[in-house]
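Each chain is listed here by its residues.
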Amino acid sequence: MMSNTKKVDEFMSKLEHPLKAEMEAVRAIIVNANPKIEEAVKWGGPSFFYKEDLATFNPRIKNYVALIFHKGELLNIKSDFLEDATKGKVYAKFYSMEQVTANKELIEKMVNAWVELMDK
């Protein structure tokens, strides 16, 4: 049986996206932010979870890397980079590698806030 990480690797190897390198970089930030985070392919894109779903990429959007935090409002992290969406979702949109680098700590903070929340 293939591991979830292998499934995500396979998905990414076949993915055609103009910002694939940026997506891979964000993926690395998320999985390296906390050892409890797991990944899988869900809803048509790489997804990250710990106890419950944390975030998913939407690779169908091609003009930026769309990362959706499913219950982002619960994390209570405010940033000009993050966009509030419906049903408590929060979007992170990366248009360049510079944005990925500039927001690395923010993404790590969100991942670790999620793990803390799930462990309560």
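Residues numbered from 1 in each chain as written. Predicted model: local features only at pLDDT ≥ 70, side-chain atom pairs only at ≥ 80, totals over all residues. Heavy atoms only, no water.

Regarding the pairing of strand β4 (residues 65-69)
Across the five residues that make up β4, a large majority, five, are buried. On β4, burial covers both faces: Val 65, Leu 67 and Phe 69 on one face and Ala 66 and Ile 68 on the other are all buried. Where strand β3 (residues 52-57) meets β4, three bridges bridge the pair, whose relative direction is antiparallel. By the bridge assignment, Ala 55 is partnered in β4 with Phe 69. In the sheet, β4 pairs with strand β6 (residues 90-94) via five bridges, with the strands oriented antiparallel. (Buried < 20%, exposed > 50% of the residue type's maximum accessible area, 1.4 Å probe, protein only. Helix = DSSP H or I, 4+ residues; strand = E, 2+ residues; numbered from the N terminus. Pairing = 2+ DSSP bridges.)

Remarks on the packing of helix α1 (residues 4-14) against helix α2 (residues 20-33)
Helix-helix packing: each pair is described by the crossing angle between the helix axes and the interaxial distance. Between α1 and α2, the least distance of the axes is 11 Å, while the angle of their chain directions is 165°. Judged on the interaxial angle alone, α2 and α1 are roughly antiparallel. In this structure, α1 meets α2 at a crossing whose hand is right-handed. Across the interface between the two elements, Thr 5, Val 8, Asp 9, Met 12, Ser 13 and Lys 14 from α1 touch Lys 20, Met 23, Glu 24 and Arg 27 from α2. Taken together, the residues that form the contact of α1 with α2 break down as three nonpolar, two polar and five charged. (Axes fitted to C-alpha atoms, helices over the stretch in contact; angles between N-to-C directions. Parallel < 35°, antiparallel > 145°, perpendicular 65-115°, else oblique. Left-handed = near helix turned anticlockwise from the far one by under 90°. Contact = heavy atoms within 4.5 Å. Nonpolar A, V, L, I, M, F, W, Y, C, P; charged D, E, K, R; others polar.)

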